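Residues per chain, in single letters:
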Amino acid sequence: MRVIECMALARLRETIASGDTLTREAMEAEDHQDALLRSRAKFHLPPGLLYFDGNSLGPLPKKSRERLLRVIDREWGEDLVRSWNVHRWIDWPRTVGSKIAQLIGAESDEVVVADSTSVNLFKLMSAALELRPGRSVILSEDRQFPTDLYMAQGLAHLRTDVRMRTVERSQLTLALDEDVAVLVLTHVDYRSGQLHDMAAMTRAAHERGALVLWDLSHSTGALPVDLNGCYVDLAVGCGYKFLNGGPGAPGFLYVARRWQQRARSPLAGWLGHRSPFAFEPVYRPALGIERFRCGTPPILSLAAFDAALDLFDDLDLESVWSKAISLGDTFLALVEQQIMDPELKIACPLEGRQRGSQISLRHPQAFSVMQALIERGVVGDFREPDILRFGLGPLYTSHVNVWDAVQVLKQVLKSRAWDTQAFRVRKTVT
Ligand SMILES: *Cc1c(COP(=O)(O)O)cnc(C)c1O
């Protein structure tokens with residue numbers, strides 16, 4: 001399915017560019033012609049809820065629920081241990097991985113689903129260090145998502161010859177010296193939504209002899225990624241965000257074919273062995289990407305994840321991203337036109353092509369404001385220190401949804417509904 005750059009979208013763009021006032025009717029017209037919105041019926045979305053947190057937990061695909069019930073009742077319930085062969089459970093990390101490969105510009109034998117994104121970061125950073133003997137630095141950005149930094153710190157703690165270096169984004173190229181073994185970057189910044197130029201940064205790393213490891217947690221399923229086209233060495237990503245794989249869905253990892261025979265996982269689990277069921281006493285890594293598997297895969301999570309990936313079957317990620325940009329541009333235009341609160345600032349790039357699938361706003365009372373929004377059925381999230389984050393899932397979010405959410409935000413700010421003790425109490429998960 002191709003989403004046509006329809007007339008309504010073109011008109012909407014013009015309106016935004018010209019500064020003319022947007023109307024809810026214009027949003028309705030846009031939704032009417034939005035071919036991607038056909039995917040919306042494939043999700044379970046609670047009525048009345050405006051969901052802008054699919055970048056933290058994607059909504060439940062109806063097929064995932066059906067699939068889980070079948071796997072539980074039939075495969076687990078009836079076929080039991082035979083299912084590893086009969087239903088090919090043992091291959092699922094690879095079969096699910098090959099579906100993801102299609103979304104990130106990789107070959108199907110370059111991606112496997114395993115463990116969590118954090119664990120995969122550890123495995124691939126360690127592999128990268130071994131592939132670059134004589135170099136001891138993991139270079140990253142200071143505003144990187146914490147788990148990426150923590151895992152590198154953990155690795156440096158274990159391997160006292162390894163150091164981690166973090167610099168500001170603008171200093172990254174300068175910091176790439178002959179000590180750097182691997183540059184670890186998040187493609188879409190989780191706070192601001194700002195996108196890195198994958199091709200340029202990969203080239204810069206290679207020019208200095210370093211490898212590159214991209215974290216695709218906020219990119220996969222939201223925008224086109226071309227790992228092979230950018231000659232990327234290593235990558236990891238997340239299953240439960242824009243891929244809608246379900247809470248705690250396993251992560252995935254990519255190792256370019258050219259590195260696979262030399263790259264080694266530090267976690268030499270039996271399912272990464274060349275011949276797991278020979279039960280040999282000594283580890284021998286599997287020949288390809290399989291060597292980055294570790295232990296037994298979480299079959300129920302993989303079942304839900306696999307069904308969720310089918311939603312991308314006929315979609316073209318250029319169109320998915322175009323829609324995200326249109327939703328984001330609309331969101332920003334409405335904030336500009338309708339919200340007068342001087343304390344509310346835009347915290348994401350204005351240019352859609354420099355943004356992932358999210359809008360970030362800044363407000364000194366962002367935490368309380370988000371609590372007030374959530375209470376009114378507009379679910380986004382808060383990120384330290386002052387960010388209101390709204391994920392834009394193009395498969396299920398409409399332009400009318402954006403309009404309605406901005407109206408609630410306007411009302412919350414105008415009435416100062418956020419200004420109550422109840423909305424100041426931090427929960428464990430924000
Ligand atoms: C969400 C996210 C993760 C998640 O890691 P888990 O191990 O799945 O908890 C990692 N990195 C980035 C950049 C993320 O946005």
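Just above sits the structure.
Residues numbered from 1 in each chain as written. Predicted model: local features only at pLDDT ≥ 70, side-chain atom pairs only at ≥ 80, totals over all residues. Heavy atoms only, no water.

Novice: What exactly am I supposed to notice about the packing of aromatic side chains here?
Specialist: Aromatic ring pairs: the centre-centre distance and the angle between the two ring planes describe each pair. Taken as a whole and assessed by the stated rule, the structure comprises eleven aromatic pairs. Judged by centre distance (6.0 Å) and plane angle (25°), the ring pair of Trp-270 and Phe-279 falls under stacked. The exposure class of Trp-270 is partly exposed, given its relative accessible area of 38%. Of the residues examined, Phe-279 reaches a relative accessible area of 58% and is grouped as exposed. (Phe/Tyr/Trp six-rings, centres within 6.5 Å; stacked < 30°, edge-to-face > 60°. Buried < 20%, exposed > 50% of the residue type's maximum accessible area, 1.4 Å probe, protein only.)

Novice: Can you walk me through the sheet that holds strand β14 (residues 381–383) in this structure?
Specialist: Sheets are built from strands paired through backbone hydrogen bonds, the pairs being either parallel or antiparallel. Taken in spatial order, the four strands make up an open sheet running β11-β12-β15-β14, and their pairing is antiparallel. A single partner strand is all that each edge strand has here, and the edge strands are β11 (345–346) and β14. Bridge count for β11 against strand β12 (residues 358–362) is two bridges, and the pairing is antiparallel. The partner of Ile-346 across the bridge, within β12, is Leu-361. Contacts from helix α13 (residues 366–375) reach β14 and β15 (387–391), with the element oriented near 40° to β15. (Pairing = 2+ DSSP bridges. Helix = DSSP H or I, 4+ residues; strand = E, 2+ residues; numbered from the N terminus. Contact = heavy atoms within 4.5 Å. Axes fitted to C-alpha atoms, helices over the stretch in contact; angles between N-to-C directions.)

Novice: It is not clear to me how the side chain of Thr-117 should be interpreted in this structure. Could you clarify?
Specialist: Position of Thr-117 among the secondary structure elements: in helix α6 (residues 117–131). Note on Thr-117: relative accessible area 11%, which makes it buried. There is a polar contact of 3.2 Å between the side chain of Thr-117 and the backbone oxygen of Gly-237. Leave out the neighbours within four places in its chain, and Thr-117 touches Asp-215, Ser-217, Val-236, Gly-237, Cys-238 and Gly-251. (Polar contact = N/O pair within 3.5 Å; in protein donor to acceptor, adjacent residues only side chain to side chain.)

Novice: Would you mind going over the site of the ligand with me for this structure?
Specialist: Close contacts around the ligand come from Ser-116, Thr-117, Ser-118, Phe-145, Thr-147, Asp-148, Thr-186, Asp-215, Ser-217, His-218, Tyr-240 and Lys-241, and that covers them all. Contacts to the ligand include Ser-118, whose side-chain N or O atom sits 2.6 Å from an oxygen atom. Within the contact set of the ligand, an oxygen atom lies 2.6 Å away from a side-chain nitrogen or oxygen of Lys-241. For the ligand, whose unbound accessible area comes to 390 Å², protein coverage reaches 86%. In terms of residue class, the shell around the ligand is built from two nonpolar, seven polar and three charged. (Near = heavy atom within 4 Å. Areas by Shrake-Rupley, 256 points an atom, 1.4 Å probe, with all protein chains shown as cover. Nonpolar A, V, L, I, M, F, W, Y, C, P; charged D, E, K, R; others polar.)

Novice: How do you make sense of the side chain of His-363 when you look at a structure like this?
Specialist: Mapped onto the elements, His-363 comes out in the loop between β12 and α13. Assessed through its relative accessible area of 0%, His-363 is described here as buried. Only 2.9 Å separates the side chain of His-363 from the backbone nitrogen of Gln-365, close enough to count as a polar contact. With sequence-adjacent residues up to four places away left out, His-363 is seen in contact with Asp-341, Glu-343, Leu-344, Val-369, Asp-386, Leu-388, Leu-413 and Trp-418.

Novice: Can you help me understand the packing of helix α3 (residues 62–79) against helix α11 (residues 299–309) in this one?
Specialist: Angle between the axes and distance between the axes: these two values describe a pair of packed helices. The interhelical angle for the contact between α3 and α11, taken along N-to-C directions, is 140°, at an axis separation of 8 Å. Every pair of crossing elements has a handedness; the one defined by α3 and α11 is right-handed. Contacts from Lys-63, Ser-64, Arg-67, Leu-68, Val-71, Ile-72 and Trp-76 in α3 reach Ile-299, Leu-300, Ala-303, Ala-304, Asp-306, Ala-307 and Ala-308 in α11. A class-by-class count of the residues in the contact of α3 with α11 yields ten nonpolar, one polar and three charged. (Left-handed = near helix turned anticlockwise from the far one by under 90°.)

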